[in-house]
Amino acid sequence: GAVVSQHPSRVICKSGTSVKIECRSLDFQATTMFWYRQFPKQSLMLMATSNEGSKATYEQGVEKDKFLINHASLTLSTLTVTSAHPEDSSFYICSAFTSSNYGYTFGSGTRLTVV
Amino acid sequence: LAKTTQPISMDSYEGQEVNITCSHNNIATNDYITWYQQFPSQGPRFIIQGYKTKVTNEVASLFIPADRKSSTLSLPRVSLSDTAVYYCLVVPNTGTASKLTFGTGTRLQVTL
């Protein structure tokens, strides 16, 4: 149980375009999901907390107008990278919290490359 | 949230036991210690979680001393496929979601 599906696994986009990443909890409801970013050889950095039915809360230094988060249902959160630039190229990972199991389950990640 | 400190990297030969120690001096009473494994280009995968003393599952053991200021992840007889980054996290057990802070992790390299 407690499976989180993240799509796409990798995406290449042109500079200036937008990209949407989906995070779904497959067998449980997740009122709270988290979005992380990970650069090569570095640790995961929390970007934002996604709450179902309300606005996301962003960590300091993360542009909320650039990284749009929508959590419209208890099983789906989306991260849209708007007007992407090469410096946005990174590995994006979502995580969902469930009060059962061990609490936090992570998606498989999305490799974003902006060219 | 309690900060964790663990070695940046470790090397091991296949078949050996590997012990990775993590310090979390500021752990709170209701915090659990959780270890995750991450392979390149994948999300972290849960390995083991504990509160005190010893916890064992099919892949690892977790040793936590009485003061809970540190913990040791033990991987018995590692194989090449255990090459990964291992993260130690202190996770509040409040029943609600909390932000998790990832430290540097320990990059384990297993060779023949």
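Scroll up to find the structure this text is about.
Presented here is a report on the structure given in the accompanying data block. Given the structure is predicted, the values throughout are model-derived calculations rather than measurements.

### Digging into the overall build of chain B
Along its length, chain B carries zero helices and nine strands. Written out in order from the N terminus, the α and β elements of chain B read β-β-β-β-β-β-β-β-β. In terms of overall size, chain B behaves like a compact globule, its C-alpha atoms giving a radius of gyration of 13 Å where 112 residues would be expected to give roughly 13 Å. The C-alpha extent of chain B, read off along each of the three principal axes, is 40 × 30 × 25 Å. Burial statistics for chain B: of 112 residues in total, 44% are counted as buried. Long-range contacts, defined here as pairs at least 24 residues apart, represent 57% of the contacts in chain B between residues at least 6 apart. Surface accessibility of chain B: about 5,600 Å² in total, with carbon and sulfur atoms responsible for 51%. For chain B, the separation between the mean place of its 9 positive charges and that of its 7 negative charges on side chains is 9 Å.

### Re unusual backbone geometry
Residue Pro 8 of chain A is bonded to the preceding His 7 of chain A through a cis peptide linkage, with omega at -5°. In this model, Ser 83 of chain A sits at a positive phi of 45°, which is unusual for a non-glycine residue. By secondary structure assignment, the location of Ser 83 of chain A is in the loop between strand E8 (76-81) and strand E9 (90-97). Non-glycine residue Thr 53 of chain B carries a positive phi angle of around 55°. Relative to the assigned elements, Thr 53 of chain B resides in strand E5 (residues 53-56).

### Some details on the nonpolar core
If you look at the biggest cluster of nonpolar residues, it comprises 24 residues, and the most contacted ones within it are Trp 35, Phe 67, Leu 79, Tyr 92 and Leu 112 of chain A. Elements represented by at least two residues in this core include exactly strand E3 (19-25), strand E4 (32-38), strand E5 (45-51), strand E7 (67-73), E8, E9 and strand E11 (110-114) of chain A. Residues in contact with Leu 112 of chain A, not counting those within four places in the same chain, are Val 11, Cys 13, Val 19, Val 81, Asp 88, Ser 89, Ser 90 and Tyr 92 of chain A. Listed in part, the 20 residues of the second largest apolar core include Ile 33, Leu 73, Val 78 and Val 90 of chain B.

### Let's talk about the packing of aromatic side chains
Considering all chains together, one arrives at 11 aromatic pairs over all chains under this definition. An angle of 85° between the planes, with centres 5.2 Å apart, marks the rings of Tyr 87 of chain B and Phe 102 of chain B as edge-to-face. Separated by 15 residues along the polypeptide, Tyr 87 of chain B in strand E8 (residues 84-92) and Phe 102 of chain B in the loop between E8 and strand E9 (106-111) bring together distant segments of the chain. Judged by relative accessible area, Tyr 87 of chain B falls into the buried class, the value being 1%. One aromatic cluster is present, formed by Tyr 36 and Phe 106 of chain A together with Tyr 36, Phe 46, Tyr 87 and Phe 102 of chain B through successive ring pairs. Directly above the aromatic system of Tyr 51 of chain B lies the positively charged group of Arg 68 of chain B, at a separation of 3.9 Å from the ring centroid.

### Section: the environment of Arg 107 of chain B
Positionally, Arg 107 of chain B belongs in strand E9. Since its relative accessible area comes to 38%, Arg 107 of chain B is described here as partly exposed. In this structure, the C-alpha to C-alpha distance between Arg 107 of chain B and Ser 61 of chain B, residues 46 residues apart in sequence, is 18 Å. Those residues within four positions of Arg 107 of chain B in sequence are excluded, and the remaining contacts are Lys 41 of chain A together with Ile 8, Ser 9, Met 10, Ala 84 and Val 85 of chain B.

Definitions and cut-offs
Starting from 1, residues in each chain are numbered consecutively following that chain's sequence as written. Whichever chain is written first becomes A and whichever ligand is written first becomes 1, with later ones labelled in order. In view of the model being predicted, local features appear only for residues whose pLDDT reaches at least 70, and side-chain atom pairs are presented and counted only at 80 or more, with totals across whole chains, interfaces and linings using the full set of residues. Side-chain measures here rest on the full set of heavy atoms in the structure, leaving out hydrogens and waters. Starting at the N terminus, helices and strands are each numbered in turn, a helix being any DSSP run of H or I of at least four residues and a strand any DSSP run of E of at least two. We compute the radius of gyration over the C-alpha atoms and compare it with the globule rule, which gives 2.2 Å times the number of residues raised to the power 0.38. Summary of the burial criterion: residues with accessible area below 20% of their type's maximum are buried, those above 50% are exposed, and those between are partly exposed, where the area comes from a 1.4 Å probe applied to protein chains only. Throughout, a residue-residue contact means that at least one pair of heavy atoms, one from each residue, lies within 4.5 Å. All accessible-area figures derive from a Shrake-Rupley calculation using a 1.4 Å probe, and residue coverage is judged against the displayed protein chains alone. Note that His is not counted, nor are the chain ends; the positive residues are Lys and Arg, and the negative ones are Asp and Glu. A charged residue contributes its charge at one atom only: NZ of Lys, CZ of Arg, CG of Asp or CD of Glu. Among buried residues, those of type Ala, Val, Leu, Ile, Met, Phe, Trp, Tyr and Cys that are joined through side-chain atoms within 4.5 Å constitute a nonpolar core. Classification of ring pairs uses Phe, Tyr and Trp, with its six-membered ring standing for Trp, and accepts pairs whose centres are within 6.5 Å; under 30 degrees between planes counts as stacked, over 60 as edge-to-face, and the remaining range as tilted. Throughout this description, the term charge over a ring refers to an Arg CZ or Lys NZ atom that lies within 6 Å of the ring centre and within 35 degrees of the ring normal.

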